[in-house]
Amino acid sequence: SLLFRGAMTGRFLQFPSGSATFRNCRAVRSGGCLYLTGKLQVSGSLDFETTTAEYGGGMFVEGIVDASRSKMSFSNCHATASGATLWASGTARLGIVVVEKCSPGMLSAVLVAKKDLIAKQVMIGGDTKSSIELNAVAGGYAEVESMVCKDTDHCELRADQGDIRLGNLRCPLGSGRVNSSTGAGCRRCPASMMSLLDTINASCQGCPDGAEICLPDRLKMPAGMTVDPQNFSMALHCANPSACPGGELAKLHLPENVTGSQIHLED
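All figures in this text were calculated on a predicted structure; none of them were measured in a lab. (Residues numbered from 1 in each chain as written. Predicted model: local features only at pLDDT ≥ 70, side-chain atom pairs only at ≥ 80, totals over all residues. Heavy atoms only, no water.)

Q: Looking at this structure, I do not really get the pattern of salt bridges. What am I missing?
A: Where charged atoms from two side chains of opposite charge approach closely, those side chains can pair. A complete count under the given rule lists 11 salt bridges for this structure. One salt bridge in this structure joins E54 and R29, with 2.9 Å as the shortest N-O distance. Taken together, the residues E54 in strand β5 (residues 45-55) and R29 in the loop between β3 (19-26) and β4 (34-42) connect sequence positions 25 residues apart. Residue classification places E54 among the partly exposed residues on the basis of a relative accessible area of 23%. (Salt bridge = Lys/Arg side-chain N within 4 Å of Asp/Glu carboxyl O. Helix = DSSP H or I, 4+ residues; strand = E, 2+ residues; numbered from the N terminus. Buried < 20%, exposed > 50% of the residue type's maximum accessible area, 1.4 Å probe, protein only.)

As structure tokens, then:
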């Protein structure tokens, strides 16, 4: 494993195997840890920790990125303009990308490829108090097999040309999958809607009638009522009111003829 504590520049850089860590890097303009004017080719593992630049907080590549068999991790990476983790002028082919507690700058983009963005898995996390947009952006088309968003209200895969292929998407509780002409991702559920299941491609559902409290990530039903475990928008009146004491959804008692096995909620 290699450890770097400063910026590297060059035309072509190759990491054929093993791992390398870049830590505490800063650049005034572009490429906090790496600034390349040709090609980055990676088959191993790259970790970036605590990096800052105007464009490409972790790295800036004036060319293409060939890393479809690699894993890249970014933690506490920042960009004042765009691309907190990576900014590439060409196509970026990525394997697994993990982004945690990175601030994307004015353009709300943690990951930027000015041509096409292709990745196997992208995991984007903010922090527990973040409501900022965290987006992966492509100038051409964007194709990601699976994306996980956590601890952020707004996380999206965008493509300027509108050609987006996003497979499985996991959103945090209180947010649901939204597809548009220029993007696909997680957005906080609006008023009178909720998303309480930790499942793939979950969408926001309408609040059930009779709910005492219904927020994007919280539902409370009165005594004598519960909800259909496969459709939380559907309120159910219990034949035996004493069997349904009410309360927060995680504490609701479901009628005997209804299974709650599909419910997966955080404590």
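Q: Can you walk me through the pairing of strand β9 (residues 92-100) in this structure?
A: It is a general feature of regular strands that their side chains alternate between the two faces of the sheet. Two elements, strand β7 (residues 64-82) and β9, share eight bridges in a ladder whose sense is parallel. Following the sheet pairing, A67 is matched in β9 by L94. The sheet contact formed by β9 and strand β11 (residues 117-125) spans eight bridges and is parallel. By the bridge assignment, V97 is partnered in β11 with V122. (Pairing = 2+ DSSP bridges.)

Q: Sorry, what's going on with the packing of aromatic side chains here?
A: Two descriptors summarise a pair of aromatic rings, namely the distance from one centre to the other and the angle between the planes of the rings. Counted according to the given criterion, the structure contains five aromatic pairs. With a centroid separation of 5.0 Å and an interplanar angle of 10 degrees, the aromatic rings of F22 and F48 are classed as stacked. Residue F22 is found in strand β3, and its partner F48 is found in strand β5; the two are separated by 26 residues along the sequence. A residue is classified by how much of its surface remains accessible, and F22, at 0% relative accessible area, is buried. The exposure class of F48 is buried, given its relative accessible area of 1%. On the basis of an interplanar angle of 5 degrees and a centroid distance of 5.3 Å, the ring pair of Y35 and F60 is categorised as stacked. Note that Y35 is positioned in strand β4 and F60 in strand β6 (residues 59-61), a separation of 25 residues in sequence. Judged by relative accessible area, which is 29%, Y35 ranks as partly exposed. Here the aromatic residues Y35, Y55, F60 and W87 are joined through ring pairs into a cluster of three or more. Across the ring face of Y141, the terminal group of R165 is positioned such that the distance to the ring centre comes to 4.7 Å. (Phe/Tyr/Trp six-rings, centres within 6.5 Å; stacked < 30°, edge-to-face > 60°. Lys NZ or Arg CZ within 6 Å of the ring centre and 35° of its normal.)

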